[in-house]
Amino acid sequence: GIGTQIAQFVRRKRAEDALAQSEELHRAISETAADGIVVIDEKSTILTVNNAMERIFGYAREDLEGASLKKLMPARMYEAYEQGMRQLMTTGQKGIPWTGIELLGLHKEGHEIPLEISFGMARRGASYLFTGLLRDITRRKESERQLRETEERLALLVRRAEEYAII
């Protein structure tokens with residue numbers, strides 16, 4: 001009767017409100033994250049990105065959403081990427097670790113960006129969605145390079161001091 005219809009309407013309305021709140025919370029978290037977040041489909045089409053992806057890669061959101069993920073990687077990585085996706089889709093086997101791996105990205109201006117990336121996968125009906133969390137590690141790589149150079153200079157200085165002491 002009418003009471004059942006009203007109860008169904010109220011339950012549906014509550015579910016819709018809860019979903020809207022959940023989506024709003026997800027959007028707020030995504031947009032304030034310092035790390036880049038990208039979601040792609042099985043064909044490697046970028047479905048959505050957050051603000052950090054724009055900052056890291058130099059593209060506007062409109063230039064990324066709907067484009068191929070390959071837009072964000074050096075051309076020499078295409079084959080390995082495509083092979084890895086084929087392997088995953090046919091066998092379910094991941095060709096590389098999915099947490100905290102270091103790969104190179106390609107900035108809009110053409111320079112490579114060292115990235116630390118973690119991947120995730122979710123089913124959507126009969127297909128899959130893939131997420132990537134990307135951190136620009138340019139500063140860390142530069143600090144590591146400077147530390148290596150300092151260590152090399154120190155080792156050279158010690159060797160020269162030892163040679164001088166022998167003489």
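Preceding block: the structure.
Residues numbered from 1 in each chain as written. Predicted model: local features only at pLDDT ≥ 70, side-chain atom pairs only at ≥ 80, totals over all residues. Heavy atoms only, no water.

Remarks on the nonpolar core
Of all hydrophobic cores here, the largest spans 22 residues; its most connected members are Val38, Ile46, Phe57, Leu69 and Leu72. Within the residue set of this core, elements represented by two or more residues are strand S1 (36-41), strand S2 (46-49), helix H2 (51-57), helix H4 (78-91), strand S4 (112-124) and strand S5 (127-136). Once residues lying within four places of it in the same chain are set aside, the contact partners of Ile46 are Val38, Val39, Ile40, Leu64, Glu65, Gly66, Ala67, Ser68, Leu69 and Leu72. (Core = buried A, V, L, I, M, F, W, Y, C linked by side-chain atoms within 4.5 Å. Buried < 20%, exposed > 50% of the residue type's maximum accessible area, 1.4 Å probe, protein only. Helix = DSSP H or I, 4+ residues; strand = E, 2+ residues; numbered from the N terminus. Contact = heavy atoms within 4.5 Å.)

As for the packing of aromatic side chains
A complete count under the given rule lists two aromatic pairs for this structure. For Lys70, the ring lying beneath its charged end belongs to Tyr78, and the centroid distance is 5.0 Å. (Phe/Tyr/Trp six-rings, centres within 6.5 Å; stacked < 30°, edge-to-face > 60°. Lys NZ or Arg CZ within 6 Å of the ring centre and 35° of its normal.)

Some words on the side chain of Asn50
Tracing the chain through its elements places Asn50 in the loop between S2 and H2. In terms of polar contacts, Asn50 uses its side chain to reach the backbone carbonyl oxygen of Asp35, at 3.0 Å. Within polar-contact distance, the side chain of Asn50 engages the backbone nitrogen of Ile37 at 2.8 Å. (Polar contact = N/O pair within 3.5 Å; in protein donor to acceptor, adjacent residues only side chain to side chain.)

Some details on the sheet that holds strand S3 (residues 101-106)
Sheet strands pair via backbone hydrogen bonds, and the direction of the pair is either parallel or antiparallel. Reading across from one edge, S2-S1-S5-S4-S3 is the order of the five strands in this open sheet, with antiparallel pairing throughout. Edge positions in the sheet fall to S2 and S3, since each of these pairs with one other strand and no more. Adjacent strand axes in the sheet meet at a mean angle of 35 degrees, parallel and antiparallel pairs treated alike. The pairing of S1 with S5 spans six bridges and is classified as antiparallel. Across the sheet, Val39 pairs through a bridge with Thr131, a residue of S5. Relative to the sheet, H4 contacts S1, S4 and S5, its axis offset from that of S5 by approximately 140 degrees. (Pairing = 2+ DSSP bridges. Axes fitted to C-alpha atoms, helices over the stretch in contact; angles between N-to-C directions.)

A short note on the pattern of salt bridges
The full count for this structure, using the stated rule, is seven salt bridges. One salt bridge connects Glu116 with Arg140, and the closest N-O pair in it is separated by 3.2 Å. Of this pair, Glu116 sits in strand S4 while Arg140 sits in helix H5 (residues 138-166), and the two are 24 residues apart along the sequence. Judged by its relative accessible area of 33%, Arg140 is partly exposed. Across the pair Arg145 and Glu142 runs a salt bridge whose closest N-O atoms are separated by 2.3 Å. Here Glu142 and Arg145 lie together in helix H5, a separation of three residues that amounts to about one turn. The class for Glu142 is partly exposed, based on a relative accessible area of 32%. Three or more residues are tied together by salt bridges with common partners; here these are Glu102, Glu116 and Arg140. (Salt bridge = Lys/Arg side-chain N within 4 Å of Asp/Glu carboxyl O.)

Description of unusual backbone geometry
For Ser44, which is not glycine, the phi dihedral falls at a positive 70 degrees. Note on placement: Ser44 falls in the loop between S1 and S2.

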